[in-house]
Amino acid sequence: MRSNPESVPLAVSAVLARMPLSPGSLLLVGYSGGSDSTALLAALSREAIEHGWRVYAVHVDHNLRPEDERRAERHLVEKVSALLGTGLTFAHVAPGAISEYARSRKSGIEAAARHFRYEAFRACAKRLDAKAIFLGHTMDDQLETVIMRAAGGAGAGGLKGIPPEAGLLRRPLLSCTKSDILAYLGTLSLPYSSDSTNDSDLYSRNKVRHSLLPALDRSLPGWRSGLSLTAQKSGLDEEAFGFFAASSPGNFAEVDAKTQSADAIAFSREPLALRIRMLLAAAGSLSGRSRLSWRMASEAVQAIETEGKTFRGGGFALYSKQGRLFLRYGLDFPRCGGYFVEVEAPGLYRAGKLRVRFSWEPEMSSRGIRAGTFTFPLVIRSRLPGDHIASAGGTKKLDDLFIEWKVPPELRDEIPILEDSAGIVAILGRNVGVKDRFRPAIEGLAHADGSGMVLSIVMKGVRVSDGF
């Protein structure tokens, strides 16, 4: 593909022409010192001089690379900012903060670094009263993003890729290729830095960039324009889905701060794609940031409409009552690296990555936990330090049991624990291919559903073995 250096200033000019800016308006640029952000800063600063706008560059030091490399990069951004006549401010991430954030959220380093970077941009924009934050994402970044999201199972919302605008954010270079960027910088003779982390295949995006994209270039000429078209079509589909979901008579409306409700019949008449979308939107509205995944939402819709059962998972309960659906938030209390889900009654539950079904069955026809040997509500959770289960001779530490069962340490947090007000009821080891373990019957517990019944528990299509 032939490079076009003029595409860079033209793309920046087109975005600025749509913005209601007045002389003196301040524009912020996320400036790493790399080629993309350098080209963006140069094109934007030229427009700013012509129109009387002010430009500020924000450089974020993530504290992830060697000090000498970061120091050289700081000197470079200072030099280029001075050459272009822009303001410059620095933001520093505390050492270890990104790694700790990634560990606590179970995310990658790339995602954690992006979180801190964007927080720094927004804080600086607020402090300086910036009208917009400009970022140097290119067409190459867009294609990498769409490929990675497609591989992760994204729908239209993910396949539309990086949005050109989102709140204060502006990304004018999404129509420009990397070769356009380098050609433009060549006409200006501006220096730029190279981030050593971009050479490492420890990061998923780098693996796509270094291995997959060259293979596609060799095998499927024209794939770049095709995938760009896919992103555009997906964006239009996402916009249409959002419109129809928002205007549906089956949409959810607020009952209180923790509950939303919808007409069950109107909801059921909508296509499945809209039902899932409406449920996800309601969950996001209740929690501020939905922990209900697409897969969970799909299971919830299936459970409530084909089985008539309550679904619980991801902190939410979806249930039907008197012709209405109710979505309630706040039923689980996730801890760092685990889960804690309240089981109020038989139904379908999501505990971490597990799909668990509880139901009452006749004792003679099924296996499970006998009624009268536990009380509701139960909790299904991941293990905690110091956990122990009652045994005929006293108590037994879970860690000791796992050692006896030869459960590898990396699998021990995947074994669900079932607990009631009297302590641990069961250790559901079949999830990882070992035993189930139950506490002895406790005298004085009331029958939960009459004699002759057992609480059947099914995980991954397998029932737990007999309890008590």
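Just so you know, these numbers come straight off a predicted model, no measurement behind them.

(A) Just the overall build of the protein, in detail. Scanning the protein from terminus to terminus reveals 14 helices and 23 strands. When its C-alpha atoms are laid out on the principal axes, the protein stretches across 85 × 55 × 50 Å. Out of the 468 residues in the protein, the part that is buried amounts to 46%. Counted over contacts in the protein with a minimum sequence separation of 6, partners at least 24 positions apart contribute 67%.

(B) Seen up close, the sheet that holds strand 16 (residues 378–381). The strand order 12-16-19-20-21 describes an open sheet built from five strands, whose pairing is antiparallel. Of all the strands in the sheet, just strand 12 (340–343) and strand 21 (436–438) have a single pairing partner and so form its edges. Averaged over all adjacent pairs, the angle separating strand axes in this sheet is 25°, with direction ignored. Two elements, strand 12 and strand 16, share four bridges in a ladder whose sense is antiparallel. Residue E342 lies in a different strand from strand 16, and its bridge partner there is V379.

(C) Highlighting helix 6 (residues 139–151). A rise of 1.5 Å per residue sets the reference length of helix 6, with its 13 residues, at 18 Å; its end C-alpha atoms lie 18 Å apart and thus fit the reference within 8%. Three or more residues of helix 6 are buried, namely M139, D140, D141, Q142, L143, E144, T145, V146 and I147. Just past helix 6, the residue G153 takes up positive phi, approximately 90°.

(D) The side chain of R170, seen in detail. Residue position: R170 is located in strand 6 (residues 169–170). Accessibility expressed as a relative area gives 13% for R170, which makes it buried. Setting aside residues no more than four positions away along its own chain, R170 makes contact with V15, M19, A132, I133, F134, L135, P164 and E165.

(E) Fine view of the pattern of salt bridges. Inspection of every chain in the model, using the stated rule, returns 28 salt bridges. Here E165 and R170 are joined by a salt bridge, their closest N and O atoms 4.0 Å apart. Classification of E165 by relative accessible area gives partly exposed; the value is 41%. Via salt bridges that share partners, D61, E67, R70, R71 and R74 belong to a single interconnected network.

(F) Representation of the packing of helix 1 (residues 7–17) against helix 8 (residues 178–188) within the structure. Where helix 1 contacts helix 8, the two axes come as close as 8 Å, and the packing angle between them is 100°. One finds that helix 1 runs roughly perpendicular with respect to helix 8. When helix 1 is examined against helix 8, the residues S7, V8 and P9 are found in contact with a partner set consisting of D180, I181 and Y184. When grouped by side-chain class, the residues that make up the contact of helix 1 with helix 8 number four nonpolar, one polar and one charged.

(G) Region of interest: helix 9 (residues 204–219). Between its first and last C-alpha, helix 9 extends 21 Å over 16 residues, near the 22 Å set by a 1.5 Å rise per residue. The largest bend along helix 9 reaches roughly 35° and is located at L212, with the proline P214 sitting one to four residues downstream. Turning to helix 9, its buried residues are R205, N206, V208, L213 and L216.

(H) A look at the packing of aromatic side chains. In total, this model carries 11 aromatic pairs according to the counting rule given. A centroid spacing of 5.5 Å and a plane angle of 75° characterise the contact between Y101 and F116, whose relative ring orientation is edge-to-face. On the criterion of sequence distance, the pair formed by Y101 in helix 4 (residues 97–105) and F116 in helix 5 (residues 109–128) is long-range, its members being 15 residues apart. Here a set of aromatic residues connected by ring pairs shows up, and it is made of W360, F374 and F376.

(I) Unusual backbone geometry, seen in detail. For the bond from F376 to P377, the omega torsion is 0°, close enough to zero to count as cis. Its location among the elements puts P377 in the loop between strand 15 (369–370) and strand 16. At S189, a position not held by glycine, the phi torsion is positive, near 55°. Mapped onto the fold, S189 is located in the loop between helix 8 and helix 9. Of note, the phi angle at Q322 is positive, near 50°, even though the residue is not glycine. Mapped onto the fold, Q322 is located in the loop between strand 10 (316–321) and strand 11 (324–329). In this structure Q322 comes out as exposed when scored by relative accessible area, which is 77%.

Calculation rules
Residues numbered from 1 in each chain as written. Predicted model: local features only at pLDDT ≥ 70, side-chain atom pairs only at ≥ 80, totals over all residues. Heavy atoms only, no water. Helix = DSSP H or I, 4+ residues; strand = E, 2+ residues; numbered from the N terminus. Buried < 20%, exposed > 50% of the residue type's maximum accessible area, 1.4 Å probe, protein only. Contact = heavy atoms within 4.5 Å. Pairing = 2+ DSSP bridges. Axes fitted to C-alpha atoms, helices over the stretch in contact; angles between N-to-C directions. Expected span 1.5 Å × (residues − 1). Salt bridge = Lys/Arg side-chain N within 4 Å of Asp/Glu carboxyl O. Parallel < 35°, antiparallel > 145°, perpendicular 65-115°, else oblique. Nonpolar A, V, L, I, M, F, W, Y, C, P; charged D, E, K, R; others polar. Bend = angle between axes of the 7 residues up to and from the residue. Phe/Tyr/Trp six-rings, centres within 6.5 Å; stacked < 30°, edge-to-face > 60°.

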